[in-house]
Amino acid sequence: MMMIIDRVIYLMKSMIAKYIYQVFVVLVVHSYLFVFQPWFTRESFRSMAAWIAWYIFFCSYFTLSAFQVQAGYPRLSSDSIILRTYGYITYGVYLGYLAVPFLWELEVLLNWVCTETTLTLDYWVKYSDIKAYLFKLKCWQTTYESAYYLGEKQPAYMKYGIGGLLVLGLILIIWFPLLFMSVVTTNSIPNPPTGFTCSLSLTGLEPMVKVKVAQMPEGLTDEELAELKKQVKPNSDRNGSFFSNYTEFVEKFKATDIVKLDIYSDSNTLWEVSPAAVNHLMKVLETDSKEPGFNLTMRFEWTIQRILTRQRRIKS
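A few points on the structure. (Residues numbered from 1 in each chain as written. Predicted model: local features only at pLDDT ≥ 70, side-chain atom pairs only at ≥ 80, totals over all residues. Heavy atoms only, no water.)

With that out of the way, let us pick up the overall build of the chain. Of the regular secondary structure elements, the chain holds 10 helices and 4 strands. Element order for the chain, N to C, with α for helix and β for strand: α-α-α-α-α-α-α-β-β-α-α-α-β-β. Counting across all 316 residues of the chain, residues that qualify as buried make up 21%. Taking all contacts inside the chain whose residues are at least 6 apart in sequence as the whole, residues at least 24 apart take part in 59%. As displayed, the chain has an accessible area near 24,100 Å², and 65% of this comes from carbon and sulfur atoms. (Helix = DSSP H or I, 4+ residues; strand = E, 2+ residues; numbered from the N terminus. Buried < 20%, exposed > 50% of the residue type's maximum accessible area, 1.4 Å probe, protein only. Contact = heavy atoms within 4.5 Å. Areas by Shrake-Rupley, 256 points an atom, 1.4 Å probe, with all protein chains shown as cover.)

Okay, structure coming up:
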């Protein structure tokens, strides 16, 4: 905020305002550091290194402002010190200044508000943008002409050094996230099961067997996982693609992600079925007819719950 006020006073060329502002800031800073801050914190000024550093910074600011009050403001507004010289240093400093968010826009708005001009705001922004572009172009032209002759072919180290690095950077930006996500998956993070539920039902009826396991045992050891893979692989070799899917499924997980469960044969809930449904079921079981309405389909469903609300559901 102090920088903005200083900039406005500079653009207005008001030495009286600068003198009043200088005296006001000096009184406020000294009153805060030597009166109010020790009274509120119960700490002396000498015991706080941060206050001392802050005071030294403000003393430097007061000294430069005093020199500015003594010398006065120039009658005609001129460009900043950075824009008066052209070279690598000024070019880098100016790029750093432009990299600060909204700092250049703030300067342009302040210059338009505090400067007498016939340009509208949009034309003033275009004028400032052209001036900044010309400065960067002049810096690049000056440094370029000092190193090369006009019409000289670009050297190989410039083309393959700078150009090659830029091409490599673009390739990494575009394809590295895809490659990273394809290689590093969530399966590399331990994710043990936290719950298991299975049910057995007939088509159109409520599940007659429903088992839920809330407390899961510890995961398999590496030896048990190796034994499980040995049991699955021969079946996949003999029975083809049906068991090969299970082999690939087991290979995706670590030993801590797989548990061995013993499921009780008794259901945790009662079979809620109406008398009419029972009569229809008995009729279907007693007949050998293959007509529509006399076929039964049994459905077995199981759900594995894992941490982070990740669930896997397979129905067969």
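What follows deals with the packing of aromatic side chains. Per the stated rule, a full pass over the model turns up 16 aromatic pairs. A ring pair is formed by F58 and F62, whose centres lie 5.9 Å apart and whose planes are at 45°; its orientation type is tilted. One end of the pair, F58, and the other, F62, are both in helix 3 (residues 49–71), 4 residues apart, so they sit about a helical turn from each other. The pair formed by F58 and F62 is uniform in burial state, with each residue classed as buried. Taken together, the ring pairs connect Y32, W54, F57, F58, Y61 and F62 into an aromatic cluster. Residue placement shows K13 over the ring face of Y10; its charged tip is 4.7 Å from the ring centre. Sitting over the face of the ring of Y123, K126 holds its NZ or CZ atom 5.2 Å from the ring centroid. (Phe/Tyr/Trp six-rings, centres within 6.5 Å; stacked < 30°, edge-to-face > 60°. Lys NZ or Arg CZ within 6 Å of the ring centre and 35° of its normal.)

The next point concerns unusual backbone geometry. Although it is not a glycine, K13 sits at a positive phi angle of roughly 55°. Summarising the element assignment, K13 is placed in the loop between helix 1 (2–12) and helix 2 (15–41). Positive phi, close to 65°, is recorded for F102, a residue that is not glycine. Its relative accessible area of 66% is what places F102 among the exposed residues.

Relative to the elements of secondary structure, S267 occurs in the loop between helix 9 (241–251) and helix 10 (275–286). Owing to a relative accessible area of 26%, S267 belongs among the partly exposed residues under this scheme. Separated by 57 residues in sequence, S267 and K210 have C-alpha atoms that sit 5.1 Å apart. With sequence-adjacent residues up to four places away left out, S267 is seen in contact with M208, V209 and K210.

Counting buried residues along strand 1 (residues 193–202), 8 of its 10 residues qualify, which places the element largely inside the surrounding structure. Relative to strand 3 (residues 298–306), strand 1 runs antiparallel, the two being bridged by 9 bridges. By the bridge assignment for strand 3, P193 is matched with R306. Where strand 1 and strand 2 (residues 209–213) come together, 5 bridges link them in antiparallel fashion. Among the inter-strand pairings, S199 is bridged to a residue of strand 2, identified as K210. Hairpin geometry of strand 1 and strand 2 is characterised by an intervening segment of 6 residues between the two adjacent antiparallel strands and by a positive phi of about 85° at G204. (Pairing = 2+ DSSP bridges.)

Read these as layout, nothing more, since geometry by itself doesn't imply function.
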